[in-house]
Amino acid sequence: MASAASSTAPDVSQGVAHGVAPLRAGQGVSFVLRRLHSLSGIIPVGAFLFEHILISNSTAISGPDAYARQVSFLANLPLVFFLELFGIWLPILFHALYGFYIWYRGEGNVSEYPWTGNWMYTAQRWTGGIAFAYILFHTWTMRFTGVDLHTFPNYSFGKVQEELFRPALFAFYIVGLVAASWHFCYGIWLFAAKWGITSGEKARQRFLVVCLGLFVLMTGVGFASFYSFRSRPQQPSGTGIEATEANHEPGTYGKPVD
Ligand code: HEM
């Protein structure tokens, strides 16, 4: 079951020197799961990451109001809970769990990763693992605990600030951003090689430059958003006094504080 891609793919080093083994049809369920894992990294998980960093969170660069408007827009999408469940959480869970399984089984021949030996192979696994830890933490604190930002989007900027003003959490955000961006951008390159979109060494080398450019763009925009959160005064966040008052007066919880 385990090594469909690696065991069914012939030694590609004969055809493409230092290439990545293409995904080949073969051993049933394992092959389908391997393809689904690869595809889910791009759609919907990668598409979501792209949107989250480059579109939604980049609005923080324009300040708290723009950020609150974007959160409000997302929160009011039709059937938002099901969109999150089937478009984000379950696909990430599948990609992550199957990713850990691939890691554990040592699937994919290390020597099939190009250039820096098995560095890229190792980095793809560790960045996935780090991203997973970060995503769990981030989803828990931003979506499932504290003030509900879907109901009270005006607290979004302040809630993120509260985490980014704490040095250890700020460091974790930086590591999470870099790990997830690297994993995704190098993952696009891997995907293109495996699915035969880039065939031949030259095409792969050119496409690597594109993917590295996307990595620089994503981390750059992410850092600009961090800077915006950290350089502005702390905004109301729905915790502390406001939340305590809310316990006494239920209807007032989450109202913007001037
Ligand atoms: C931020 C969320 C994530 C995104 C956007 C993402 C995206 C991708 C992409 C685009 C690929 C390339 C697909 C391919 O290899 O054909 C990939 C590969 C991979 N991902 Fe993820 N991923 C994410 C999280 C994770 C997590 C949490 C793990 C768990 C360890 C993981 C493990 C892997 C592994 C092991 C591979 C390489 C598979 C191989 O070499 O055949 N990913 N990912």
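In case you missed it, the structure is sitting above this.
Residues numbered from 1 in each chain as written. Predicted model: local features only at pLDDT ≥ 70, side-chain atom pairs only at ≥ 80, totals over all residues.

Caption draft 1: Broad picture of the environment of alanine 66. For alanine 66, the location among the structural elements is in helix H4 (residues 64-75). Linking alanine 66 and phenylalanine 157, residues 91 residues apart in sequence, is a C-alpha distance of 9.5 Å. (Helix = DSSP H or I, 4+ residues; strand = E, 2+ residues; numbered from the N terminus.)

Caption draft 2: Highlighting helix H3 (residues 45-56). Buried within H3 are the following residues: Val45, Gly46, Leu49 and Ile53. For H3, the arc enclosing every buried residue in end-on projection is 100°, short of the 170-degree limit, so these residues lie on one face. Looking at the buried positions of H3, the neighbouring elements they touch are helix H2 (28-42), helix H5 (80-105), helix H8 (167-194) and helix H9 (201-231). (Buried ≥ 20, exposed ≤ 12 C-beta atoms within 10 Å, placed from the backbone. Arc of directions from axis to C-beta. Contact = placed C-beta atoms within 7 Å.)

Caption draft 3: Here's a closer look at unusual backbone geometry. Here the residue pair isoleucine 43 and proline 44 is connected by a cis peptide bond, since its omega of 5° sits within 30 degrees of zero. Mapping proline 44 onto the fold places it in the loop between H2 and H3. The backbone of leucine 79 sits at a positive phi, close to 50°, despite the residue not being glycine. With respect to the helices and strands, the residue leucine 79 is situated in the loop between H4 and H5.

Caption draft 4: Region of interest: the site of the ligand. Residues in close proximity to the ligand total 28 residues, the closest being Ser38, Gly41, Gly99, Gly128 and Gly187. When residues of the shell around the ligand are traced back to their parent elements, those giving at least two are H2, H3, H5, helix H6 (119-144) and H8. Among the elements that line the shell around the ligand, the one with the most residues is H8, at 8 residues. Across the shell around the ligand, the residue classes break down as 15 nonpolar, 11 polar and 2 charged. (Near = placed C-beta within 6 Å. Nonpolar A, V, L, I, M, F, W, Y, C, P; charged D, E, K, R; others polar.)

Caption draft 5: Quick look at H9. Taking 1.5 Å per residue, 31 residues should reach 45 Å; H9 reaches 45 Å between its end C-alpha atoms and fits that length. The inward-facing, buried residues of H9 contact H3, helix H7 (156-164) and H8. (Expected span 1.5 Å × (residues − 1).)

Caption draft 6: Inspection of the environment of alanine 179 at higher detail. Along the chain, alanine 179 falls in helix H8. A sequence separation of 49 residues divides alanine 179 from isoleucine 130, and the C-alpha atoms of the two residues are 6.5 Å apart. In this view, alanine 179 contacts Thr127, Ile130, Ala131 and Tyr134; residues no more than four positions away in its chain are not counted.

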